[in-house]
Amino acid sequence: MTTTPPPRTPLGSLPPREHLRLGQSATVLDVVIPVYNEERDLEPCVRRLREHLARTFPYGFRITIADNASTDRTPDVAARLDEALDEVTAVRLEQKGRGRALRTVWSLSEAPVLAYMDVDLSTDLNALLPLVAPLISGHSDLAIGSRLSRSARVVRGPKREFISRMYNLLLRGSLAARFSDAQCGFKAIRGEVAERLLPMVEDTGWFFDTELLVLAERAGLRIHEVPVDWIDDPHSTVHIVRTAAEDLKGVWRVGRALATGGLPLDRLARPFGDDPRDRELTGVPGGLARQLVGFCAVGGLSTLLYLALFSLFRLGTGAQPANAAALLMSALANTAANRRLTFGVRGRDRAVRHQAQGLVVFAVGLVLTSGSLAALDAAGGTASHGTELAVLVSANLAATVLRFLLFRVWVFPDRERRDDLTVAPHPSHDRNDLTRSAR
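Residues numbered from 1 in each chain as written. Predicted model: local features only at pLDDT ≥ 70, side-chain atom pairs only at ≥ 80, totals over all residues. Heavy atoms only, no water.

Trainee: Help me get a handle on the nonpolar core, residues and values and all.
Mentor: In this structure, Trp 106, Leu 142, Phe 179, Leu 197 and Leu 215 are the most contacted members of the largest nonpolar core, which totals 43 residues. Elements with a minimum of two residues in this core: β3 (88-93), α3 (98-108), β4 (113-117), β5 (142-146), α5 (158-175), α6 (191-197), α7 (208-218) and α8 (240-260). Sorting elements by how many residues they give to this core places α7 first, with 6 residues. Leu 215 has contacts with Leu 197, Met 200, Val 201, Val 254, Leu 258, Leu 263, Leu 265 and Leu 268, leaving out every residue within four places of it along the chain. In terms of nonpolar packing, the next biggest core, distinct from the first, is built from 40 residues, Leu 49, Met 117, Cys 184 and Trp 230 among them. (Core = buried A, V, L, I, M, F, W, Y, C linked by side-chain atoms within 4.5 Å. Buried < 20%, exposed > 50% of the residue type's maximum accessible area, 1.4 Å probe, protein only. Helix = DSSP H or I, 4+ residues; strand = E, 2+ residues; numbered from the N terminus. Contact = heavy atoms within 4.5 Å.)

Rendered as structure tokens:
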């Protein structure tokens, strides 16, 4: 496969999405078909796809066969199709892995829209144009086919249906994913997004799709979903148990990376100038409304954690020690959550200093709550546990306003958040390295 590398998108935030202009690129769409030992299905699949695109797709297209280490006659079939059909290109990789094949071919392609589909063509090809149209128009960054959408029509056994739905429920619960179908082999992505996103995706196998989508969603990119008609291939060679185990490992790895802020997702941000939420409001500090919502959400959860810890510690100690221990533990969690979620500070830089400043804010809360308990004791009599909790809630509410102001002005000032969002230049990934890996 020989291609001319397209101009690189400079590092920094992505440019605004634009409609792809006619004549801007001879090949608008590059559809990749990753294959492993598919000598029987490959040729009818490619010819059927080519005929469909020639008949329905109004732009230039290419079909790329990504053979990842097949041991049967698949390379010969791919080479024959490459020679016979002008729109077909074959690439041979010496290592297995669907994710590795997609990363290699997408990284080498100059097409502004990249897609892939499984060789069995389980998905109705009439969904292909609706899949890529939002990317061509500039509406979306990625597009996926969904078998779990209400209007999708799917024919498959109960075992695969159950596994698919359980896997997507796992993603929603563990990684807060909002897309509905991570593993459908029918996806597309804009080229400039792939150039930034692919180096962040570590998986080279079946979890590649999920990791790509989770990182894109967390970076704020727009994912378009297309309901599809899908018929299960009874001859599929996917090993369900092994794939599920690898997926669970991937979920743990990605979740840990997101929790620690170890991914430079700001490189994928787009300037949405026409979004009303991004417009400056006269007299309102930038980001104040969003920060208030985030702070209140984190504060509510922290209060519940604090009350639960206080009730637990109160079983074995006095009110003051229980209050101090519960407030300390909830304060550490509160500072970490507000740092990442409310004020958007990522990475580990200055994390210790932020926690130290958070402890100062904690001391303010401790004075207020301890003072409230002392005043309750001074009032005479033995207060019930319910009365203690009511007093502590009132004191925490009084401390909340002061805590927010200290966080916003002192712990996480605007200047520091801007510094954290400034992305240092990263060494560019050499396309020649990718070319060598494909040989």
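Trainee: Explain the side chain of Arg 339 residue by residue, including any values.
Mentor: Mapped onto the fold, Arg 339 is located in helix α10 (residues 319-342). Excluding residues within four positions of it along the chain, Arg 339 makes contact with Gly 344, Val 345, Arg 346, Gly 347, Arg 348, Asp 349, Arg 350, Ala 351, His 354 and Phe 412.

Trainee: Tell me about the packing of helix α11 (residues 351-378) against helix α12 (residues 385-411), residues and numbers included.
Mentor: For the pair α11 and α12, the least separation of the axes is 9 Å and the interaxial angle reads 150°. When the interaxial angle is binned, α11 and α12 end up roughly antiparallel. The crossing of α11 and α12 is right-handed. Split by residue class, the contact of α11 with α12 holds 15 nonpolar, 8 polar and 2 charged. (Axes fitted to C-alpha atoms, helices over the stretch in contact; angles between N-to-C directions. Parallel < 35°, antiparallel > 145°, perpendicular 65-115°, else oblique. Left-handed = near helix turned anticlockwise from the far one by under 90°. Nonpolar A, V, L, I, M, F, W, Y, C, P; charged D, E, K, R; others polar.)

Trainee: Can you break down a nonpolar patch on the surface residue by residue, with the values?
Mentor: On the surface, Phe 162, Ile 163, Met 166 and Leu 169 cluster together into a nonpolar patch covering about 390 Å² of accessible area. Among the secondary structure elements, Ile 163 is positioned in helix α5. Residue Ile 163 is classed as partly exposed on the basis of its relative accessible area, which comes to 32%. (Patch = residues over 30% accessible without salt bridge, like charges linked within 9 Å, V, L, I, M, F, W, Y side chains within 5 Å. Areas by Shrake-Rupley, 256 points an atom, 1.4 Å probe, with all protein chains shown as cover. Salt bridge = Lys/Arg side-chain N within 4 Å of Asp/Glu carboxyl O.)

Trainee: Before we move on, could you go through unusual backbone geometry and cite the residues and values that matter?
Mentor: Its identity as a non-glycine residue notwithstanding, Ala 69 has a phi of 65°, on the positive side. For Ala 69, a relative accessible area of 13% puts it in the buried group. Even without a glycine there, the phi angle at Ala 176 is positive, about 55°. Given a relative accessible area of 42%, Ala 176 falls into the partly exposed group.

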